[in-house]
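Chain by chain, the residues:
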Amino acid sequence: MESLLEFLIQGIVLGGLYALFAVGLTLIFGVLNVINVAHGEFFAVGGYILFCALVLLHLPAVLGVIASGLGAFLLGLAVYPLLIAPLNRRLGRRPAGSLYLVLTLGLSTFMQSSLLAIGGGDYRQVPPLVRGILEIGPTGVSYQRVLVLVVATILLAALFAFLRWHRQGLAVRAVSQNPEAAQAMGIHLARIFSLTLALGVALAGVGGALMAPLFNVYPAVGFPLTIKAFAITILGGMGNLAGALLASLIIGVAESMVVIVVPSQWQNGVAFLVMITVLLLRPQGLLGRAAVR
Amino acid sequence: MSRRTLLSVVGAAAVLLPLLVAHPFVLSLATQALIWALLASSWDLLSGYTGQISFGHAGFFALGAYTAAAASKHLGLSSWVGMLLGAVVAALVGLGAGFPALRLRGHYLALVTLALAELIRLVAQNWLAVTGGPFGIYDFGSFTGLPASGLARARAAYLLVAVVVAAGIRLMLYLCHKTRAGRGFRAIREDEVLAESLGINTTAYKLLAFGVSSGLAGLAGTLYAYYIQLVSPTVASAATTSLVIGMAVFGGLGTVWGPVLGAVLLFGINEGLRFIGVVYNLVAVGLVIMVFVIFVPRGLAGLRLRREGRALRGDAAMTGAGGSGA
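Residue numbers restart at each chain and count upward from 1, following the sequence in its written direction. The order in which chains are written sets their letters, starting at A; the order in which ligands are written sets their numbers, starting at 1. Where totals are concerned, whole chains, interfaces and linings use all residues; where local detail is concerned, this predicted model gives features only for residues with pLDDT of at least 70, and gives and counts side-chain atom pairs only at 80 or more.

A few words on the overall build of chain A. Of the regular secondary structure elements, chain A holds 11 helices and two strands. By the criteria applied, helices consist of DSSP H or I runs no shorter than four residues and strands consist of E runs no shorter than two, each listed in order from the N terminus. The N-to-C order of helical and strand elements in chain A reads α-α-α-α-β-β-α-α-α-α-α-α-α. Taken over C-alpha atoms, the radius of gyration is set against a globule rule of 2.2 Å times the number of residues to the power 0.38. In summary, chain A has a C-alpha radius of gyration of 19 Å against a globular reference of 19 Å for 293 residues, a match within 12%. On the principal axes, the C-alpha backbone points of chain A span a range of 60 × 50 × 35 Å. With C-beta atoms placed from the backbone, a residue is labelled by how many other C-beta atoms lie within 10 Å of its own: buried for 20 or more, exposed for 12 or fewer, partly exposed between the two. Residues counted as buried form 52% of the 293 residues belonging to chain A.

Each helix and strand in chain B was counted, giving 14 helices and two strands. Residues are treated as contacting if the C-beta atoms built from their backbones sit within 7 Å of each other. Long-range contacts, defined here as pairs at least 24 residues apart, represent 77% of the contacts in chain B between residues at least 6 apart.

Here the focus is the pairing of strand 1 (residues 133-136) of chain A. If DSSP finds at least two bridges between two strands, the strands pair. When strand 1 of chain A meets strand 2 (residues 139-142) of chain A, the two strands line up antiparallel, connected through four bridges. When the sheet's bridge partners are listed, A:Leu134 is paired in strand 2 of chain A with A:Val141.

Now for the interface of chain A and chain B. In this assembly, 40 residues from chain A lie in contact with 37 residues from chain B. Among the secondary structure elements, those contributing two or more residues to the side of chain A that touches chain B are helix 3 (61-91), helix 4 (99-119), helix 9 (223-236) and helix 11 (269-281) of chain A. Among the residues making up the side of chain A that touches chain B, the classes are represented as 28 nonpolar, nine polar and three charged. Charged means Asp, Glu, Lys or Arg here, nonpolar means Ala, Val, Leu, Ile, Met, Phe, Trp, Tyr, Cys or Pro, and polar covers whatever is left, Gly included.

Let us now look at the confidence of the model for chain B. Residues and elements named next belong to chain B. A residue's pLDDT is simply how confident the predictor is in it, with values from 0 to 100. Summing up the model confidence of chain B, the mean pLDDT is 81 and the portion of residues at 70 or higher is 87%. Scored below 50 in pLDDT, residues 321-326 shows 17 contacts in the model against residues more than four places distant or in partner chains. Scoring of the predicted complex yields 0.85 for pTM and 0.83 for ipTM.

Turning our eyes to something else, we now look at helix 2 (residues 24-49) of chain B. Working rule for helices: expected span equals 1.5 Å times residues minus one. Relative to the 38 Å expected for 26 residues at 1.5 Å per residue, helix 2 of chain B spans 35 Å between its end C-alpha atoms, a close match to the ideal helical length. Positioned one or two residues after helix 2 of chain B, B:Gly51 has a phi angle of 80 degrees, which is positive.

With that out of the way, let us pick up the environment of A:Val259. Residue and element names in this part refer to chain A. Relative to the helices and strands, Val259 is located in the loop between helix 10 (241-257) and helix 11. Owing to 17 C-beta atoms within 10 Å, Val259 belongs among the partly exposed residues under this scheme. Between the C-alpha atom of Val259 and that of Phe7, which follows or precedes it by 252 residues, the distance is 8.5 Å. The residues touching Val259, leaving out its near neighbours within four places in the chain, are Phe7, Ser264 and Gln267.

Another point: the environment of B:Leu300. Turning to its location among the elements, B:Leu300 is positioned in the loop between helix 13 (282-295) and helix 14 (316-319). Sequence-wise, B:Leu300 and B:Ala65 are 235 residues apart; in three dimensions their C-alpha atoms are separated by 29 Å.

Our next topic: the nonpolar core. If you look at the biggest cluster of nonpolar residues, it comprises 207 residues, and the most contacted ones within it are A:Val23, A:Ala231 and A:Met275. At 16 residues, the largest contribution of residues to this core is made by helix 1 (residues 2-32) of chain A. Throughout this description, the term nonpolar core refers to a group of buried Ala, Val, Leu, Ile, Met, Phe, Trp, Tyr and Cys residues whose C-beta atoms join them within 7 Å.

What follows concerns the packing of helix 3 of chain A against helix 13 of chain B. Axis definition: a line fitted to C-alpha atoms, limited for helices to the stretch in contact. Angles are taken between N-to-C directions and run from 0 to 180 degrees. Look at helix 3 of chain A against helix 13 of chain B: their axes get within 8 Å of each other, and the N-to-C directions meet at 30 degrees. The orientation of helix 3 of chain A with respect to helix 13 of chain B, classified from their angle, is roughly parallel. In this structure, helix 3 of chain A contributes A:Leu83, A:Pro86, A:Leu87 and A:Arg90 to the contact, and helix 13 of chain B contributes B:Met290, B:Val293 and B:Ile294. Taken together, the residues that form the contact of helix 3 of chain A with helix 13 of chain B break down as six nonpolar, no polar and one charged. Oblique is the label for every angle not falling under 35 degrees (roughly parallel), over 145 degrees (roughly antiparallel), or within 65 to 115 degrees (roughly perpendicular).

Residue and element names in this part refer to chain A. Running from N to C, helix 6 (residues 167-177) and helix 8 (residues 189-215) cross one another at 100 degrees; their axes reach a closest spacing of 10 Å. The orientation of helix 6 relative to helix 8 falls into the category roughly perpendicular. Residue-level inspection shows Gln168, Ala171, Val172 and Val175 of helix 6 in contact with helix 8, the latter providing Leu189, Ile192, Leu195 and Thr196. Here the residues of the contact of helix 6 with helix 8 are counted per class, giving six nonpolar, two polar and no charged.

The next point concerns helix 3 (residues 57-74) of chain B. End to end, helix 3 of chain B covers 25 Å across 18 residues, agreeing with the expected 26 Å (1.5 Å per residue, within 8%). The buried fraction of helix 3 of chain B amounts to 16 of the 18 residues, a majority that puts the element mostly inside the structure.

A few words on unusual backbone geometry. Residues and elements named next belong to chain A. Non-glycine residue Asn216 carries a positive phi angle of around 65 degrees. Along the chain, Asn216 turns up in the loop between helix 8 and helix 9. Residue classification places Asn216 among the partly exposed residues on the basis of 15 C-beta atoms within 10 Å.

Glancing now at the confidence of the model for chain A. Here chain A averages 86 in pLDDT, while 97% of its residues score no lower than 70. The least confident element of chain A, judged by mean pLDDT, is strand 2 of chain A at 76; the most confident is helix 2 (residues 39-56) of chain A at 92.

It is worth spelling out the environment of B:Ile53 at this point. Summarising the element assignment, B:Ile53 is placed in the loop between helix 2 and helix 3. Taking C-alpha positions, B:Ile53 is 9.2 Å from B:Leu111, a pair spaced 58 residues apart along the chain.

Pasting the structure below:
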């Protein structure tokens, strides 16, 4: 019973991380129609920035996490004008379809190997941002994990509030519903696209910073997460933010709980099996509307 | 120079290479380049030519490699049987992946195949009894009946690989240009709904593309296994898929022979970079993918001196330019 509770708590923490990651990915897909294969590399960048801030520069943890989010945000700002806009310009009115996938796969390879070239392939250890253990009944959970959950909740709440009430957030939602009409209302499309992409990857960057003490940091740390996030977005319904949130928690808890039944090295298979099953049985996902051809 | 003469010149040069160059290292590079060429063109048959985007070819490649290695190691089978088995197993799994693909398009297919490759990697890493886990399979021998060592061996291995690769590519070119299937593939790529309404059996042709493509990717995997003589879970990693897609985009999508060119050149560039001390050569692969997708959609194959007939847009496959796409 104790271990069950422990697995449940760990699953919820994992779900919080997945949500941070998958909601960003879903936001980008919903607005730009781009599936960002390089999302995990921004997670890795966040981890590396935290490593530099904490271990090399001895900055306080709060500054490190903020720097990670900011760094990923700034990198993300460059993606639309440098990669996606030129491709759109060449294609003109033709839809890009899967070319975005190939393009961001290239970005992923480029970023991952650049990190490898700059930082080397070693696993970098990062000290915990906070120490100590929170006792919950018969079991305990480290404050580091609590921090992941708390920050993820705050950031996601802030994002939803931004989209709901802020003027720019309103513009983002307008663009996601109908780019042409939004443009006709005087919304600067390129600016909204850049902003959305940057916001989405900034969430991944913060996630990378928060998880760095638990996962260590290495160039490929984010890629498996990207694939899992695909599974999550498909389970939740492509482009559906609430669905992504719900699916993240489901996958996170399922991954932790499955250890009770099968050996832990198969844990990572859960997401992929879920993804294949969902696509076969209910391709629109849990909360998605049936829009799939 | 027409494409046919160009291809025969290249083919002749490929056969003559082991006679002209008497250096095992160069031959080894050339052999590996050919294996990549088969993998890249098999990806192109499915994704570039038929328009069914696969992000899982590393999985099919690994499946072939592991099947061959395990067959030789645990059952003591000869490499000929191993190659056949590897190709057949990969083709069967490819067909299995093709069934959901009948309902999925574009993004979804790419994501499912990516997950499939990741599952294959997971099995390779954890099924210790058969796959040897993270260390992989080794000590299972090379191609049956090769000379023991030295230049003679390098030459024989090169010729064997060259013949198998050429046969595989020839088969795909034949399918694409000389049979109804080729027209079926193109019709699916250009506009699947229209193709279906014209009475083309898109289901059968899609499955055929899946089977042939994954089978030949598996065959490339078996060649890799017997040539390198070590198969570890890293071959199934997404980096392999990324490299292959990079080769195909570099060479030219939707041509089958363009990716062969792309593979040989990109592999050559990679090894060249390694030679002058740049170890992290996938940076270049990432750059090549991005630059070519944005600015050079037809790849190197599109940079012909003289246009031949009606040239399709190189990336029409992925943009769904034909009509009802997206």
